[in-house]
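Coordinates in review
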Amino acid sequence: MGQYSRIFYFFLLFLSLKFCSSSSFSSFSANTSMQMCSHYDRLALIEFKNSFSLDNDASLDFPTSHPKTQSWKEGTDCCYWDGVTCDTVTGRVIGLDLSCSLLQGSLYPNSSLFRLSHLKKLNLADNDFSDSKISPKFGQFKSLTHLNLSYNSFLGEVPSEIAHLSNLISLDISFSGLRIEDLPLQRLVQNCSLLKQLFFEFVDLSSIDTNSLMNLSSSLTDLRLNQCQLQGKFPTNILYLPRLRILDLSENEHLNIHLPKSNWSSPLQELHFYNVPFIGELPESIGDLNSLKQLTIESCNFTGSIPTSIGNLLQLTHFQGDFNNFNGMISTSLTNLSQLEVLSLPYNKLVGPIPNFSNLSKLVELHLYWNSLSGTIPSGLLNLPSLHSLDLSENQFTGPINEFQSQSLEQLVLGGNKLNGSVPSSIFNLVNLAALDLSSNSFSSTLDVVMFSKLQHLHYLNLSDSNLSFNNTVANHIFPNLRRLYLASCNLTEFPYFLRDLKDLYDLDLSNNRLFGQVPAWMLEVGIDTLGYLNLGNNFLTGIKELPWKSLWFLDLHSNLLQGLLPIPVKVDIYLISNNNLTGEIPSLICNYTSLVDLDLSNNSFSGAIPTCFGSLSSLNVLNLQKNTFSGRIPEFFDKGSTLMSLNLHGNQLEGPLPRSLANCKMLGILDLGNNRINDTFPHWLKNLTQLQPDLLRIYRP
């Protein structure tokens, strides 16, 4: 697959599922014809098959993808081949569905595909056509009503000949690295008057005049133009199309859309404006869309209150308004939405209590995090029979948590509030719970590890900074699926015994506890192949035998009592080990970390010269070596293109002139070389470092 296309193929893997399970146009029906297929068409299909190889990576929908062309055998009736549909009278091939068929190779203009002149439906979605261009010969399929070329690796311009397909009902060229110029689009809109479905997701429309869309067919039901780089004013008449059910304009950051202020009559069922900028408030006219089922207005800059008219949308199942500037209280009109399954309004400025949502019996997700909501958590929320995900974190909720009556929850996130009292025992009966976050609250409970024994699906647990104590009972196999564990400030005095079972742990935070002495040897086997984040900072640890973890990227051992030489991990990107009692020189092995971003060795007793090999660490952003006893000159290791943003060498015994290569650190914002033995004239050449903050520049003074 071409490099350009494959970059976003895997990023959008989950979106491709729709093509193999249900194509964006109607699935081809099974052929029951007794008519033998045309000899001419059979030869064309065999030749087409032989022009491609089969590759398991060529189709993204791995679970359902399969090589349809393997059933194509010479000497058999092609009307019974997988993906082929024939006319029941003439035997000519009229339908070809090769979506998710693992095809790999180039689709050339001389392909035998273009000899199938009677095609009415053609689906080539989700294969790998190796950065082929769409041939103008597609315009020869005069009878074509459905064309799907999405999720392939086509590149280049869509040929104007596509506009010759005047019988098109459905056209999908999404996610294939294509672009359309203004004139071909105008012709397409003008000639294809029967179009009902137009899917141009991730197609480059940056050069078109949006007025070219004004004459879209009045028959249009589905229009997806998300991530198309549209610019300018969007034609308002499209919002009034008489049959339009789906409109997706998401991820067009330079598109100017004005929503009707009143009398917005439309059969719209889905309206998606994710990351499209608006000015002002969401108009009350949104409540006129009586058929609306899904409303996505994330990152749209809407201000003001959420319109009370949304309560009129009795068919609404999904309301997602994340990352706006909605303020005021959540309207009680939302309690009318008995069909609601997803309500998501995080990262706004909402205040006050949560309305009584106890009648929203179909609610599956409720996400209200990062607002300023207050009051107690309504007990009605804890009884909703279908609720799987409840995230109320980073608000100002107070009081205790009531007992849970429903056991449907899979994710419970209440961190960053002012909750108090005891943790309700019913939480430990939520047998489907996979993620639990009670961090940064003011509880007054002592939890025993055995209490979690029923939560066999738990993979994320965060109890940090919540005034909870965690008893270290000896217990085995309590957390068979735990991958991320955060127990900072939980009054731990020893490493939890249950960690011995966690061979696949990804994250572990035991910071700000009272862990004493040597890190136990058995701890070095925990997540040895998987552990990426380890925070043992601010304890009373005196030593660690080795750092054997193979996937480590973040390691924090700061503010302990570690002694001896600097422990060297197998790999690391962020290494924080300040405020310990470490001695000796920095080993050159540390320069093997080619992806090192942040290194903090400050407030120790390191000595010797600063390694010159630091110059090879091209990704280094922060280097803090202050308050040690380093001596000698500061090496000339700052290469052109350096990404260094902060350099602190304060309080050492460094001498000599400043290294002139510091001028290469164009991103440097913090520089502290004070309290050393630097002997140089004032470095006026530092004025070229435009990111340098004057109040964070210390060179000669203590």
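Okay, so let's go over this structure. These numbers come from a predicted model, not from an experiment.

1. Here's the deal with the overall build of the chain
For the chain, the count of helices and strands is four helices and 50 strands. Projected onto its principal axes, the C-alpha coordinates of the chain cover approximately 90 × 60 × 50 Å. The proportion of buried residues among the 702 residues of the chain is 55%. Working note: accessible area of the chain is about 28,600 Å², and carbon and sulfur atoms make up 49% of it. For the chain, the separation between the mean place of its 43 positive charges and that of its 59 negative charges on side chains is 4 Å.

2. Some words on helix 3 (residues 39-50)
Across its 12 residues, helix 3 extends 17 Å between first and last C-alpha, which sits within 8% of the 16 Å expected from 1.5 Å per residue. By the burial criterion, the buried members of helix 3 are Asp41, Arg42, Ala44, Leu45, Ile46 and Phe48. On the buried face of helix 3, the contacting elements are strand 2 (84-86), strand 3 (93-97) and strand 4 (103-104). Measuring from the backbone nitrogen of Tyr40 back to the side-chain oxygen at the start of helix 3 gives 3.2 Å, which picks out Ser38 as the cap.

3. Re the sheet that holds strand 47 (residues 653-656)
Taking strand neighbours across the sheet as the criterion, the six strands line up as 39-41-43-45-47-49 in an open arrangement whose pairing is parallel. Two strands lie at the open edges of the sheet, namely strand 39 (563-564) and strand 49 (677-678), each paired on one side alone. As judged from the two bridges shared by strand 43 (residues 605-608) and strand 45 (residues 629-633), these two strands associate in the parallel manner. The partner of Gly608 across the bridge, within strand 45, is Phe630.

4. A few points about the pattern of salt bridges
As enumerated under the stated definition, the model contains 10 salt bridges in all. The residue Asp41 makes a salt bridge to Arg92 at a minimum N-O spacing of 3.1 Å. Pair noted here: Asp41 is in helix 3 and Arg92 is in the loop between strand 2 and strand 3, with a separation of 51 residues, a long-range link. For the salt bridge of Lys68 with Asp97, the shortest nitrogen-to-oxygen distance reads 3.5 Å. You can see Lys68 sitting in the loop between strand 1 (53-54) and strand 2 and its partner Asp97 sitting in strand 3, a full 29 residues away along the chain. Judged by relative accessible area, which is 8%, Lys68 ranks as buried.

5. Focus on the pairing of strand 41 (residues 581-584)
Relative to strand 41, strand 39 runs parallel, the two being bridged by two bridges. Counterpart to Gly564 in the pairing with strand 41 is Leu582.

6. Considerations on unusual backbone geometry
In this model, Gln229 sits at a positive phi of 60°, which is unusual for a non-glycine residue. Along the chain, the position of Gln229 falls in the loop between strand 11 (222-224) and strand 12 (231-233). In the Ramachandran plot, Glu251 falls in the positive-phi region, its phi being about 60° despite a non-glycine side chain. Secondary-structure assignment places Glu251 in the loop between strand 13 (246-248) and strand 14 (254-256). Under the relative-accessibility criterion, Glu251 is labelled partly exposed at 27%.

7. Section: the nonpolar core
Ranked by internal contacts, the top residues of the largest apolar core, which has 201 residues, are Leu113, Phe138, Phe200, Ile310, Phe319, Phe452 and Phe614. With four residues, the top contributor of residues to this core is helix 3. Apart from residues no more than four positions distant in its own chain, Ile310 is found in contact with Leu282, Ile286, Leu295, Leu316, Phe319, Leu334 and Leu337. Tyr486, Tyr533, Ile574 and Leu576 belong to the second largest nonpolar core, which has five residues in total.

8. Side note on a nonpolar patch on the surface
Residues Phe323, Tyr347 and Trp370 make up a contiguous nonpolar surface patch of about 320 Å² in total accessible area. Its location among the elements puts Trp370 in the loop between strand 22 (365-367) and strand 23 (372-375). Judged by its relative accessible area of 44%, Trp370 is partly exposed.

9. With respect to the state of the cysteines
Note: disulfide means a covalent bond formed between the sulfur atoms of two cysteine side chains. The full count for this structure, using the stated rule, is three disulfides. Here Cys591 engages in a disulfide with Cys613; their sulfurs sit 1.9 Å apart. Handedness of the Cys591-Cys613 disulfide follows from its S-S torsion of about 65°: it is right-handed. Remark: Cys613 occurs in the loop between strand 43 and strand 44 (622-624) and Cys591 occurs in the loop between strand 41 and strand 42 (598-600); sequence separation between them is 22 residues. Cys228 forms no disulfide, and the closest cysteine sulfur to it belongs to Cys300, at a distance of 16 Å.

10. Focus on the packing of aromatic side chains
For the structure on display, the rule yields 29 aromatic pairs. Each ring, one from Phe138 and one from Phe141, has its centre 6.2 Å from the other, and the planes form 65°; the classification is edge-to-face. Both rings, one in Phe428 and one in Phe452, keep their centres 5.0 Å apart while their planes meet at 85°; by these two values the pair is edge-to-face. Residue Phe428 is found in the loop between strand 27 (418-421) and strand 28 (435-437), and its partner Phe452 is found in the loop between strand 30 (446-448) and strand 31 (460-462); the two are separated by 24 residues along the sequence. Judged by relative accessible area, Phe428 falls into the buried class, the value being 5%. Taken together, Phe428, Phe452, Phe470, Phe479 and Phe498 form an aromatic cluster joined through their ring pairs.

11. What to know about the side chain of Thr210
Its location among the elements puts Thr210 in the loop between strand 10 (197-199) and strand 11. In this structure Thr210 comes out as buried when scored by relative accessible area, which is 5%. A polar side-chain atom of Thr210 sits 2.6 Å from the main-chain carbonyl oxygen of Lys233. Filtering out sequence-adjacent residues up to four positions away, Thr210 remains in contact with Leu230, Gln231, Gly232, Lys233, Pro235 and Leu255.

Cut-offs used in this document
Residues numbered from 1 in each chain as written. Predicted model: local features only at pLDDT ≥ 70, side-chain atom pairs only at ≥ 80, totals over all residues. Heavy atoms only, no water. Helix = DSSP H or I, 4+ residues; strand = E, 2+ residues; numbered from the N terminus. Buried < 20%, exposed > 50% of the residue type's maximum accessible area, 1.4 Å probe, protein only. Areas by Shrake-Rupley, 256 points an atom, 1.4 Å probe, with all protein chains shown as cover. Lys, Arg positive; Asp, Glu negative; His and termini not counted. Charge placed at Lys NZ, Arg CZ, Asp CG, Glu CD. Expected span 1.5 Å × (residues − 1). Contact = heavy atoms within 4.5 Å. Polar contact = N/O pair within 3.5 Å; in protein donor to acceptor, adjacent residues only side chain to side chain. Pairing = 2+ DSSP bridges. Salt bridge = Lys/Arg side-chain N within 4 Å of Asp/Glu carboxyl O. Core = buried A, V, L, I, M, F, W, Y, C linked by side-chain atoms within 4.5 Å. Patch = residues over 30% accessible without salt bridge, like charges linked within 9 Å, V, L, I, M, F, W, Y side chains within 5 Å. Disulfide = S-S within 2.5 Å. Phe/Tyr/Trp six-rings, centres within 6.5 Å; stacked < 30°, edge-to-face > 60°.

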